[in-house]
Amino acid sequence: MLADEFQVETFTVHIFLWLVLILISSFREAMAVQRGGSWFRIAVLVCFLLLAPLICFTGRGFSVSTSTGRKTLNIQIVDWRERLALQHVKSLFSKEVFDVITTSSNCLGPLSLDFFRKNSLSDSWRVVGLETLADDNATTFEQSQIAADINKETLKGDCSQYVDRPKRLSRRQLLENKSEKFADDLVKQDDEAIVKLENAAIEHTKSVDSAVLGKYNIWRKENENENADSTIRFMRDQIIAARVYISIANSKNKSELAQELQKRIRETQRALGEATTDADLPRSSSEKTKALGQVLSKAKEQLYDCKLVTGKLRAMLQSADEQVRTLKKQSTFLSQLAAKTIPNGIHCLAMRLTIDYYLLPLEKRKFPRNKNLENPKLYHYALFSDNVLAASVVVNSTIRNAKEPEKHVFHLVTDKLNFGAMSMWFLLNPPGKATISVENIDEFKWLNSSYCPVLRQLESAAMKEYYFKADHPTTAGSSNLKYRNPKYLSMLNHLRFYLPEVYPKLDKILFLDDDIVVQKDLTGLWSVDLHGKVNGAVETCGESFHRFNKYLNFSNPHIAKNFDPNACGWAYGMNIFDLKEWKKRDITGIYHKWQNMNEDRVLWKLGTLPPGLITFYGLTHPLEKSWHVLGLGYNPSIAKSSIQKAAVIHYNGNMKPWLELAMSKYRPYWAKYINFDHPYINRCNINF
């Protein structure tokens, strides 16, 4: 502004000087006129003399009008640019938003840095140094003052109109409401997402079984880092490398180096001891590691040969693999042996009971309520066992959870060796108001080799060689010790295929294994509609290895032609049998047919489940899984809730609850049905 005024005043002075020169020249011409010139030129001179002072004194006013004109022109140019920009902006915003922006601009005036600097803004908007700059620059301060005055005038005019317009107020309120609603929706969506994530995490935590994970504590030393045994593994790797170099040193007559390596190996092994984590290592272990490392470096300099070292490592790997294979066989043999054996306490119990039974007079060896044994209106159970303690748990758990114990009848069958012990136990410990009988399978004269294919096969030379000459590697299947379990030789295991012959006057019977525990009343099974099927059982095809192709040899054409390899398997241990349908469909005859075809064990290995799957193929009705929960003899990850909801829990597998190798977490469900204060139990020191 000051620069413009200075330019105008300079221009005025120039004009004034130019007029003075004209006056001088005009005066000379006037003098000439008086000597004979024109009067017109004299008149022009007089006009300029009158106008010159007027132009000089109005120069200031001219400069102001000039600056005002320039300002008007600039405003017109700015207005034109604003209109051009607004044409593009209108396509980006809705009408309501554009109106709010327009009215706000009209009310507040044009925005500038001076406007924000002068108003009371938060500290985050303040720019350090602006205050000092404003004090030092007077011109800028004057301009900001003028802008503030213009804004005040604008507020007095347009803003009052803006405040008084209800339409604009409603638009502003509508925009604020939309913004609040949008923010609330975002917060709500975030909250819902967080809740979903939390619920998913909770469900995942519930699904994890602590029994599988074991006892974990983040404060234990071995859990302080991901590689809690890194030092131990490094020391073992050093020992392996040292043994390689010892072998190479001996082959190259480096006896001193070999002895030094052997010495360091012994020191490192003593330092390792039985440590499983780095925290268990002694303080001297680092020194032993360093010493062995130095000797290894020396050996590497003298003996390293890539091809030779690789060969030695390969030989060591093959040797270790063979050792692992041998240990697995030993482990399998020992586990099978442990599953076959009877603990000393149970053997003692059977011996004492047998002695006392045969000391009883004949009249005291009879069980009461024999008339109930053939009453089809009662609830009948079939239990075939040679284990007194296991059979007692089955009977006790069933009666204790029964609603009407007097309507339950137990049919126990055992062998000649355990008949006295089984009878004596239940004579001393009758199952309350329930009925029980104990029979000897050797007294079933109709069950002979001429009628039963299994008995005939057990008498064959091939079967005797399979069982009693298993040490010969040429024997087919000799490597699988599982199939040499004595239970496959016992007719107690195959008696389940002859139920109508054993109990000819019954309509239905519930078959129970001796490694189960009953936790609920089972009378509901007698009212289950089997839809014309013979066998009611819980299916086990939830796992892939419980389908037909895992039990039967589908490379045999007889099996491949008649059965589906993906058919669902089912479980023995708790089965409700309709004996009327059994007789009608000749189930025992079907069993005999397939058993005769399997004399050389080409259809399936030994056992009762494979022939059971074949015999009852298409004749098994699936029961609810809660009736029968399996796996307590081999699976450590069964959910506690599944066990508690089950009517029957089954310890199928090698880890029977009466053995030392039983899983301790499952044993209490079985042991609570044993009276450890019983005199016979105390004398035989049975305690779990």
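Residues numbered from 1 in each chain as written. Predicted model: local features only at pLDDT ≥ 70, side-chain atom pairs only at ≥ 80, totals over all residues. Heavy atoms only, no water.

### So, the overall build of the chain
Worth spelling out the cut-off: Counting from the N terminus, the helices are the DSSP runs of H or I reaching at least four residues and the strands are the DSSP runs of E reaching at least two. Exposed residues in this analysis have more than 50% of their type's maximum accessible area, buried residues have under 20%, and partly exposed residues fall in between, with area computed by a 1.4 Å probe over protein chains only. Residue contacts follow a heavy-atom distance rule, with two residues in contact if any of their heavy atoms lie within 4.5 Å. Per-residue accessibility takes into account occlusion by the displayed protein chains alone, with areas from the Shrake-Rupley method and a 1.4 Å probe.
Each helix and strand in the chain was counted, giving 27 helices and 10 strands. Scored against the burial criterion, the 688 residues of the chain give a buried share of 37%. A separation of at least 24 residues holds for 75% of the contacts in the chain among residues at least 6 apart in sequence. Of the accessible surface of the chain, which amounts to about 42200 Å², a share of 56% is contributed by carbon and sulfur atoms.

### Details of the packing of aromatic side chains
Heads up, the condition is: What counts as a ring pair is set by centres within 6.5 Å for rings of Phe, Tyr and Trp (its six-membered ring), and what kind of pair is set by the plane angle: stacked under 30 degrees, edge-to-face over 60, tilted for all other angles. Two limits define a charge over a ring: the Lys NZ or Arg CZ must be within 6 Å of the ring centre, and within 35 degrees of the ring normal.
Under the counting rule described, the total for this entry stands at 23 aromatic pairs. Judged by centre distance (6.4 Å) and plane angle (75 degrees), the ring pair of Trp-446 and Tyr-451 falls under edge-to-face. Since its relative accessible area comes to 30%, Trp-446 is described here as partly exposed. In textbook terms, an aromatic cluster arises when at least three aromatic residues are bridged by ring pairs, as seen for Phe-384, Phe-511, Trp-570, Tyr-572, Phe-577, Trp-582 and Phe-616. The ring of Tyr-680 has Arg-683 lying over it, and the distance from NZ or CZ to the ring centre is 5.1 Å.

### Concerning the state of the cysteines
Stated formally: Note that a disulfide, as used here, is simply two cysteine sulfur atoms within 2.5 Å.
In total, this model carries 2 disulfides according to the counting rule given. Disulfide pairing is shown between Cys-348 and Cys-684; the S-S distance is 2.3 Å. Here Cys-348 and Cys-684 share a disulfide; its torsion about the S-S bond, -70 degrees, makes the bridge left-handed. Placement of Cys-348 in helix α14 (residues 344-358) and of Cys-684 in the segment after α27 (679-683) is noted, with a sequence separation of 336 residues between them.

### Description of the sheet that holds strand β10 (residues 648-650)
The test is simple: Only strands that DSSP links by at least two bridges are regarded as paired with each other.
Read from one edge of the open sheet, 3 strands run β5-β10-β9, paired in mixed fashion. Both outer strands of the open sheet, β5 (516-518) and β9 (628-629), are each paired with one neighbouring strand and no more. Sheet topology note: the β5/β10 ladder contains 3 bridges and is antiparallel. For Val-517, the partnering residue across the bridge sits in β10 and is Ile-649.

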